[in-house]
Amino acid sequence: MTTTQAAPPPPPSDMPDVTDTGTIIGSIKLQHQPLEPASPILVTEDGNDTAMMQIDSNNNNAAAAVEEDEEEEEDALQTIEKLRSDDLSARVEAARKLPSIALALGPERTRDELLPFLSDGIDDEDEVLEAIAVSLGGLVPHVGGADYASSLLTPLELLLAVEESVVREKAAASVIAISQSLSGADYTHEFVGMIGRLANKEWFTARISACTLIAHAFPKMGPELRRTHLEYFAKLCKDDVPMVRRIASKNLGMLFYTVVDTLGAAVFFDKSNANYSLTLLDLYELLAGGDQPDSVRLHTTENCVCFGRAMALMLEQSSSSSSSSSLEKEEIMSRIDALVKRILPLIAATIDDRSWRVRWTAASKFADVVHAFKTLHGAMDALVPNYEKLLQDPEAEVRTAATYNLSEVAKTKAMVYPAGWSGAGSDSDNGMDIDDDDENKNTHRIPVAQRLVTRLVGLTEDDSVNVRAALAMVATELAPLLGKDASVSNLLPPMLLLLRDSSSEVRLNIISSLSLLNDVIGTDLLHQSLLPAILDLADDGKWRIRLAVIERIPLLAKQLGSDFFDDRLLGLCVGWLGDDISSIREAAAKNLQELTALLGTEWSVQNLFPRVRQVMEHPSYLRRMNAVQATALMATAMDVNSAQVEVLPILLEMHYDPVPNVRFNVAKGLGIVGTVFDRSVYQGQIVPILTLMENDPDRDVRYFASKTKELLSVAFEKST
């Protein structure tokens with residue numbers, strides 16, 4: 001009979017079980033520097049006391065250092081304990097404090113114990129994983145510096161494959177930050193090697209992360225690795241999972257720009273690199289195709305911007321390079337033109353895309369597209385007609401987004417053919433004719449702003465209020481581009497239509513943006529239409545509209561001057577003091593103060609103050625109270641003599657008002673204006689009134705009178 005002996009126990013391991021935080025907790029030792037010995041102390045015959053004090057001081061410092069280290073150790077122990085807590089918020093807090101744990105463990109134990117423990121806990125909640133991903137990016141100094149930074153990539157590689165996109169994004173950001181610290185060998189073997197593994201993982205989330213990292217790693221790769229990873233990226237662009245293709249499409253433009261920025265003209269002339277531009281352009285056409293999901297095609301416009309900037313960069317490098325021959329420069333120009341001809345139809349296709357979200361993305365980013373391509377030959381003749389199509393899109397959201405970009409598109413200095421000009425070629429309206437460079441035809445070109453201004457009248461009649469409101473915000477920015485004559489003939493008529501728009505939001509936007517138009521054409525042509533619009537908005541049923549009008553009155557005063565204020569508008573500014581809404585009344589008082597500061601004391605005394613004084617006699621105590629507040633604010637914007645003669649006596653007289661609310665606002669107003677005057681006025685006129693008010697029957701009046709008297713007393717004492 002055969003007996004089976006039990007297997008001998010495994011030999012004791014020198015490494016702790018890193019899957020249990022208790023191991024770390026049980027053996028943690030702070031890696032702090034030992035205390036330096038105290039320096040020798042010279043003792044003189046009469047210096048015993050001094051020497052003893054020095055010894056006591058050193059002992060106290062040493063004890064304090066030990067106590068501080070013990071506190072740090074205790075904090076680290078508590079933080080580690082929280083990593084295995086059942087409380088989610090505790091684990092998140094601990095994950096955010098990984099640097100303190102690493103500091104307590106020291107570099108070696110952080111690499112050997114903490115990082116493997118984190119790798120084993122990758123199945124935690126997303127909030128914890130996100131915090132870990134962020135913290136790992138800052139642990140390079142705590143693992144031993146750049147020589148050991150690659151050890152942080154192990155847990156981050158696992159985080160780059162989790163399902164939650166936020167965790168992957170944070171992990172990718174940390175990986176990119178850590179890669180900047182890696183040596184050349186570690187960068188190639190560890191970082192680039194990790195990207196290759198992610199690109200070929202079975203689970204799609206890892207491949208998504210690879211799409212993001214390839215463009216960042218490309219500049220430091222060797223030629224062979226560049227070709228290999230370009231093949232990986234091409235494979236990812238054709239992935240069966242739409243989410244992978246979406247992220248690949250999102251990063252395609254950045255990869256193309258990185259390739260051009262890294263290789264320059266070698267993209268075209270170096271045989272080993274010649275396939276880069278064509279391969280990436282083929283991928284762009286593939287991802288912009290109509291058979292792709294909306295989520296993939298959404299990035300067509302962003303990629304177009306990156307491709308345009310990359311080609312503009314190539315053009316700039318070629319023009320500034322002294323080593324390139326004229327033949328090479330001509331070849332680069334022809335290659336760039338060929339790329340433009342392939343890219344422009346793709347951006348034009350987004351304008352007619354079946355998905356309004358794709359068209360909206362194109363409309364919202366079209367200014368970036370125009371600025372990226374403005375230096376490339378013939379591109380603007382293709383882009384501007386397509387932008388005009390966006391302004392006429394069936395969806396109001398698309399038209400609104402396109403309208404917001406109107407001024408930015410118009411600011412390009414490029415010259416284009418007028419709309420519908422037959423000399424541009426049969427396909428010019430579709431934006432596909434970019435070869436025409438005939439000098440005679442170039443004489444017919446006009447600025448982009450001059451072409452787009454003809455579209456404004458149609459936009460003022462748009463059915464969507466949002467479109468008209470967007471137009472009212474940006475259209476006046478065309479005035480400096482057009483000049484006075486063109487602004488008067490082409491821009492002013494649609495602006496006057498917007499001033500009479502049925503929507504208060506549209507009228508408010510146009511009033512807020514009139515400064516540029518006013519600077520170009522002057523006030524005379526605007527005055528007649530502007531005032532009725534303001535008077536109409538002043539009575540709008542929405543109090544926020546009225547408030548916005550009040551806030552814009554000082555700006556109009558600054559732009560249009562005192563001549564703009566007739567009796568109706570002056571009455572309106574003072575009449576807001578009696579509005580039913582408290583915020584309106586407060587804004588009205590501040591408005592009168594700003595008008596006094598802008599238009600001067602004399603103007604205010606002659607035009608505003610008599611009207612405000614009439615309000616002080618109104619039967620409603622609320623209006624009298626608001627008039628007192630406005631008077632005090634106006635006095636701070638006047639010269640001292642006028643304030644003392646015109647305002648102060650009226651303000652002091654109001655302390656006889658029968659309503660306590662008015663009287664304590666007089667006390668508060670004296671606190672505002674008191675420091676404007678000298679000590680003689682303060683003691684001779686203000687103090688006696690405040691003293692009387694301190695004996696007022698109403699306790700609120702007594703309180704504010706005493707408080708104001710105390711504050712003014714302190715202020716005048718400091719001034720002496």
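Residues numbered from 1 in each chain as written. Predicted model: local features only at pLDDT ≥ 70, side-chain atom pairs only at ≥ 80, totals over all residues. Heavy atoms only, no water.

Draft legend 1. Structural view of the overall build of the protein. Helix and strand counts for the protein stand at 40 helices and 2 strands. Long-range contacts, defined here as pairs at least 24 residues apart, represent 71% of the contacts in the protein between residues at least 6 apart. Here the protein displays about 34,700 Å² of accessible surface, and carbon together with sulfur accounts for 50% of that area. (Helix = DSSP H or I, 4+ residues; strand = E, 2+ residues; numbered from the N terminus. Contact = heavy atoms within 4.5 Å. Areas by Shrake-Rupley, 256 points an atom, 1.4 Å probe, with all protein chains shown as cover.)

Draft legend 2. Up close: the packing of aromatic side chains. According to the stated counting rule, one finds 8 aromatic pairs in the structure shown. Aromatic pair Trp 203 and Phe 204: ring centres 5.2 Å apart, planes at 50 degrees, arrangement tilted. Since its relative accessible area comes to 18%, Phe 204 is described here as buried. For the ring pair Tyr 682 and Phe 716, a centre distance of 4.4 Å and an interplane angle of 20 degrees mean the geometry is stacked. Of this pair, Tyr 682 sits in helix α39 (residues 679-693) while Phe 716 sits in helix α40 (residues 699-719), and the two are 34 residues apart along the sequence. For the pair Tyr 682 and Phe 716, one class covers both residues: buried. Three or more aromatic residues link up through ring pairs in this structure, and these residues are Phe 256, Tyr 284 and Phe 307. When the ring centre of Phe 218 is taken as reference, the NZ or CZ atom of Arg 226 above it lies at 5.1 Å. (Phe/Tyr/Trp six-rings, centres within 6.5 Å; stacked < 30°, edge-to-face > 60°. Buried < 20%, exposed > 50% of the residue type's maximum accessible area, 1.4 Å probe, protein only. Lys NZ or Arg CZ within 6 Å of the ring centre and 35° of its normal.)

Draft legend 3. Structural context of empty space enclosed by the protein. Inspection of every chain in the model, using the stated rule, returns 2 cavities of 30 Å³ or more. The set of elements that each furnish at least two residues to the lining of the second largest cavity consists of α11 (223-237) and α12 (242-263). The greatest single-element share of the lining of the second largest cavity, amounting to 3 residues, is contributed by α11. Of the residues that constitute the lining of the second largest cavity, the class distribution is 5 nonpolar, 1 polar and 1 charged. (1 Å grid on protein atoms, 1.4 Å probe; cavity = no way out; pocket = protein on both sides within 12 Å on 5 of 7 lines; lining within 4 Å. Points joined across faces, edges and corners; volume = space filled by probe spheres on them. Nonpolar A, V, L, I, M, F, W, Y, C, P; charged D, E, K, R; others polar.)

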